[in-house]
Amino acid sequence: MIPHRYNEETSLLLQQEQLIAAKTPLPWDQFWIILVLHFSQSLVFKTLSPFIPQLIKDIGVTNGDEQQVGYFISFLDLSYYVPQTLVVLYWSRLSDRIGRKPVILTASFAIATTMISFGLSRTFRGLLVSRVICGAFNGESGVIKSMMMDITDATNLPRAYGYVPLPSMLAAIIGPLVGGSLSQPADRFPGIFGQSEFLKTYPYLLACAVPALCSAILWLVMYFRLKESALTKAPFLEMMKQWLSQRSYLKRSALSRDTLIGSLEANTEEVSSKSLSAILTPKVLTVAASSGTLTLFLVAINKLVPLFYATPIEFGGVSLDPPRIGVIFATAGFASGIFQFLFYARLHDRLGAHVIYMTGLGSSIPIILLFPVINALARAHGMSFATWLAIGFQHVLIIILDMCAPCIALFTRAAAPNRASIGATNGVVQFVSGAARIIAPVCAASFSYSMQEGRDAWLAFYFYMGLAFLAIGTSLALPRDPSLWEERD
């Protein structure tokens, strides 16, 4: 038995070495467009964030009560994320039928037009309508990941995800500069824009026009250069012609509603992948649960960290001012992107997706425990070297935790029933993650609740421990290697 086991392990190691040696090169003729899509999508949020608080104040919706600004900002965020979560599965499944390109073009058009309408809005209702429409028609988040899975394979997908943080980093640098400097341009640059009554009436239009212009240019580039990557059997125009001809025929023959539904389902089955019930396999549900709990914890932690930094030391935080908090996050974001770019693919080749994923989830426990440790150090020694060292170590652990996200993409690809249903599978995973992203900000309120007089200061950390163990628990059903699922299929 021992020699047999040795042969199996040796064979597995040889297979892994052969897989590493036979890596497929990245298809850069299409991959660079996907990276620019990531940049364009991130640029919107990074551009809006610097001036949104002042915009809320200027439109007068708070009636001068600045304590209500945060409430309206959260409501504005939800007006985008809720409709996007509700339709992400629809857009993902539609991309399996008509292709990725039409969905991506629709999303870029929606971003460009709604950013202009956002800059032209002078009421809170106008801002809400712009963000709701953008969220409802923006199917990029799920379809971009499906495109990456289409044009890559198991050998080069980890390397592809190593590049993904770079456009997000670039957007994190350019976006705040654009949003901060080009908002209210008549006041900031009176020599150039001071005579423009139009920009005085719409002081945030110029800042919104930059990401809109970026999306418009990208739309043209994709229209001429982007190749269809989905295994679709019927082009979009042909499907519309078939649907219209069916509708005309059914009107003439006065068929019943049941016959119409059956005819459409037959047509859909012919040109599409599997039905939704066939896609919700145990594998897909396992990945969706893991992705949802991971997203819940990641977003909750990202909301907690700045709140913890800004909270006074006597209430459980470290009393940092906004400039210092900004420097910490800028440095951490840069370090995370560079680390993932340089090391993720190498670590994946050495350790595999499952080991990286479990290591990342394991780092969540010390991340939580460091919050009270940092506060205790700040109480005893102020912002000393030891306190800053603890903060730095916590962000190193967060960088390790961030590497769980590309691992989920590998498990999602492996869980798909077939290549034709990658979009729908990714849509299911994105839908669960989107719901978690909506719920997660509420989790940060547990910190404020625990800081109230008479409450146990550890209540928030107990709660976050529960979230961490929930994420670890749902990950136990994942295979030790995503390729095992693909081999069984």
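Residues numbered from 1 in each chain as written. Predicted model: local features only at pLDDT ≥ 70, side-chain atom pairs only at ≥ 80, totals over all residues. Heavy atoms only, no water.

Caption draft 1: Inspection of the environment of Phe343 at higher detail. Looking at the secondary structure, you find Phe343 in helix α18 (residues 322–351). What makes Phe343 partly exposed here is its relative accessible area of 35%. For Phe343 and Gly162, which are 181 residues apart along the polypeptide, the C-alpha to C-alpha distance reads 7.8 Å. (Helix = DSSP H or I, 4+ residues; strand = E, 2+ residues; numbered from the N terminus. Buried < 20%, exposed > 50% of the residue type's maximum accessible area, 1.4 Å probe, protein only.)

Caption draft 2: Region of the structure containing the confidence of the model for the protein. Averaged over all residues, the pLDDT of the protein is 81; the fraction at 70 or higher stands at 82%. Averaged pLDDT values for the elements of the protein fall to 41 in helix α15 (residues 257–271) and rise to 94 in helix α13 (residues 205–225). Note that residues 1–15 has pLDDT below 50 and, in this model, one contact with residues that lie over four places away or in other chains. In this model, residues 249–273 is a region of pLDDT below 50 whose contacts with residues beyond four sequence positions or in other chains number 20 contacts. (pLDDT = per-residue confidence, 0-100. Contact = heavy atoms within 4.5 Å.)

Caption draft 3: Spotlight on the side chain of Asn156. By secondary structure assignment, the location of Asn156 is in the loop between α7 (140–151) and α8 (157–163). For Asn156, a relative accessible area of 2% translates into the label buried. Reaching out from Asn156, the side chain makes a polar contact with the backbone nitrogen of Asp153 at a distance of 2.8 Å. Among all residues touching Asn156, those that are not within four sequence positions of it are Thr24, Pro25, Leu26 and Pro27. (Polar contact = N/O pair within 3.5 Å; in protein donor to acceptor, adjacent residues only side chain to side chain.)

Caption draft 4: Fine view of the packing of aromatic side chains. Applying the stated rule across the entire model yields 23 aromatic pairs. Their ring planes at 25° and their centres at 5.1 Å tell us that Phe51 and Tyr204 sit as a pair that is stacked. In this pair, Phe51 is assigned in the loop between α2 (28–48) and α3 (52–58) and Tyr204 in the loop between α12 (197–201) and α13, connecting sequence segments 153 residues apart. The structure contains a cluster of three or more aromatic residues connected by ring pairs, namely Phe308, Tyr309, Phe329, Phe371 and Phe461. We note Lys101 situated over the ring of Tyr223; from NZ or CZ to the ring centre the distance is 5.8 Å. Above the face of the Tyr202 ring, Arg122 is positioned so that its terminal group lies 5.9 Å from the ring centre. (Phe/Tyr/Trp six-rings, centres within 6.5 Å; stacked < 30°, edge-to-face > 60°. Lys NZ or Arg CZ within 6 Å of the ring centre and 35° of its normal.)

Caption draft 5: Geometry of helix α22 (residues 404–415). The end-to-end C-alpha distance of α22 is 17 Å, a good match for the 16 Å that 12 residues give at a rise of 1.5 Å each. A large share of α22 lies buried, amounting to 11 of its 12 residues. (Expected span 1.5 Å × (residues − 1).)

Caption draft 6: Region of the structure containing a nonpolar patch on the surface. There is a patch of nonpolar side chains on the surface, built from Leu78, Val82, Leu86 and Phe431 and spanning about 330 Å² of accessible area. If one sorts the elements of the nonpolar patch by residue count, helix α4 (residues 69–98) sits on top with three residues. Relative to the elements of secondary structure, Val82 occurs in helix α4. Since its relative accessible area comes to 32%, Val82 is described here as partly exposed. (Patch = residues over 30% accessible without salt bridge, like charges linked within 9 Å, V, L, I, M, F, W, Y side chains within 5 Å. Areas by Shrake-Rupley, 256 points an atom, 1.4 Å probe, with all protein chains shown as cover. Salt bridge = Lys/Arg side-chain N within 4 Å of Asp/Glu carboxyl O.)

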